[in-house]
Amino acid sequence: MKPLGPIPGGFDAKDGELVIGGKTASQLVREAGETPLFVYSRDLIERRVADLRAAMPERLAIHYAMKANPYRPLLEFVADLVDGLDVASGGELAQAREAGYLPREISFAGPGKRDAELREAVRSGVTLNLESANEADRALEIGRQLRVAPRLAIRVNPAFELRGSGMKMGGGAKPFGVDENKVPELARRIVDAGADWRGFHIYSGSQALDAGAVIEMQANTLELAARLAGEAGVSVPHLNMGGGFGIPYFDRDAPLDIRAVGAALADRFAALPAVLAGTRFAIELGRYLVGEAGVYLTRIVDRKESHGTTFLVTDGGLHHQLAASGNFGTVVRRNYPVAIARCFGAQGEEEATIVGCLCTPLDRLADQARLPRAEVGDIVAVFCAGAYGASASPATFLGQGPAREMSV
Ligand SMILES: *Cc1c(COP(=O)(O)O)cnc(C)c1O
């Protein structure tokens, strides 16, 4: 037996069946037409943002990192809840504009920005978080051609890391950002060139559940921004402090204590160095805002035994929910929170392994899990599917096609 991850709060049962946003799983599937289906609860996202705002200092703006989930209705819904949007490609930028975000609310980070992407950002007035000196030169040149002052910030590759971070994005040799020691000279150059200087973007990791680690990272981030600004002799109109807030996916993961993080940040804000006194601060979060609000529903199409193991074979799989299969940045595969929708919250009766319909042994949604007895036709719910699900999975692999998506 292998444990399942903890089912996020906010999901109920009606006559024993899983309810999402007021509707049972089978109702949702009927409305969508068929499984596999991603369902995103607007209510849970709204509550998540409200709780976050209550815990964080008022001065801290909250941005959504749309790569976590770019589903259009969700993107539109989130627009009214957050203060800004972080995009990582020209494609995301176009989607964000179509969803109604204003250029002033958008910042664009990410390595390998092409000239056409830089041009669109400069033309529309989106903030570019520059990943290199070369990118800075190209953005400045495009600004000269278009006769607009590009809105530029430098993404810093900090020497520190986010402790216990799921995916390391800072510290040491990285394709992301400009090394600390090269930042002051570049910042001066950008300001001297007449750009609309925005400040710094310092992102050092993701999926942290330890408040102490986040508090330490935020303190390091503020210190670094102040030091770099001092060395460069530039102001910091805006500081994107990164994010890194994680969600519990696996057994024994405990939620991040956002009150502790918020209280420590409030203390820091109360004692800012002079160079940051007028700065506007933001954090950028993806999975923390939307991850636990999404559920992936997939139907059991076969039930079989092999050498003593019960396999529940579903019509979904890693082509929609790569992360739950353990193939998206995890070293050791562990079970996501999973339930049989018809008997949500019921005691486990048997050990079963839930697999997808792809012809590869990688396609496992739950391994040796203790579950109520499930039959062909039952719906399996995979939780924590609101971030890095549909858009982060190889939907064309094996010709199965994309999952349906809906928000409720
Ligand atoms: C991916 C990414 C995020 C979002 O990460 P989450 O773990 O989903 O919060 C934020 N900022 C940057 C720069 C990223 O690359």
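Residues numbered from 1 in each chain as written. Predicted model: local features only at pLDDT ≥ 70, side-chain atom pairs only at ≥ 80, totals over all residues. Heavy atoms only, no water.

A.B. asks: For this particular structure, what's the right way to read the environment of R147?
C.D. replies: Here R147 is to be found in the loop between α6 (133-146) and β9 (151-157). For R147, a relative accessible area of 77% puts it in the exposed group. Between the C-alpha atom of R147 and that of G90, which follows or precedes it by 57 residues, the distance is 21 Å. (Helix = DSSP H or I, 4+ residues; strand = E, 2+ residues; numbered from the N terminus. Buried < 20%, exposed > 50% of the residue type's maximum accessible area, 1.4 Å probe, protein only.)

A.B. asks: Help me out: how do you make sense of the pattern of salt bridges in this one?
C.D. replies: Charged atoms that come close allow side chains of opposite charge to pair. Summed over the entire model, instances satisfying the criterion amount to 27 salt bridges. Between E34 and R299 there is a salt bridge whose closest N-O contact spans 3.9 Å. Taken as a pair, E34 in the loop between α1 (25-32) and β4 (37-40) and R299 in strand β14 (residues 294-306) lie far apart in primary sequence, 265 residues in all. With a relative accessible area of 34%, E34 lands in the partly exposed category. (Salt bridge = Lys/Arg side-chain N within 4 Å of Asp/Glu carboxyl O.)

A.B. asks: Explain the sheet that holds strand β3 (residues 23-24) here, please?
C.D. replies: In a beta sheet, neighbouring strands are held together by backbone hydrogen bonds and run either parallel or antiparallel to one another. The strand order across the open sheet formed by 3 strands is β1-β2-β3, and the pairing between neighbours is antiparallel. Each edge of the open sheet carries a strand with a single partner, namely β1 (12-14) and β3. (Pairing = 2+ DSSP bridges.)

A.B. asks: Help me understand the UniProt feature "active site" (unreviewed entry) in the protein in this model?
C.D. replies: Feature annotation in UniProt assigns "active site" (unreviewed entry) to the following positions: C359. Relative to the helices and strands, C359 resides in the loop between β17 (350-355) and β18 (364-371). Since its relative accessible area comes to 75%, C359 is described here as exposed. (UniProt positions renumbered as here; feature names shortened; annotations may be inferred.)

A.B. asks: I would appreciate a short explanation of the site of the ligand in the present structure.
C.D. replies: Close to the ligand lie 12 residues; K67, S206, G286, R287 and Y388 are nearest. A distance of 2.8 Å separates an oxygen atom of the ligand from a polar side-chain atom of R287. For the ligand, whose free accessible area comes to 390 Å², the fraction covered by protein is 92%. (Near = heavy atom within 4 Å. Polar contact = N/O pair within 3.5 Å; in protein donor to acceptor, adjacent residues only side chain to side chain. Areas by Shrake-Rupley, 256 points an atom, 1.4 Å probe, with all protein chains shown as cover.)

A.B. asks: What's the story with unusual backbone geometry in this structure? I'm lost.
C.D. replies: Glycine aside, negative phi is the norm for most residues, and most peptide bonds take the trans geometry. T35 connects to P36 through a cis peptide bond whose omega is -5°. Even without glycine at this site, D15 takes up a positive phi of about 50°. Note on placement: D15 falls in the loop between β1 and β2 (17-20). Phi angles above zero are rare outside glycine, and Q368 is one such case at about 45°. With respect to the helices, strands and loops of the structure, Q368 is situated in strand β18.

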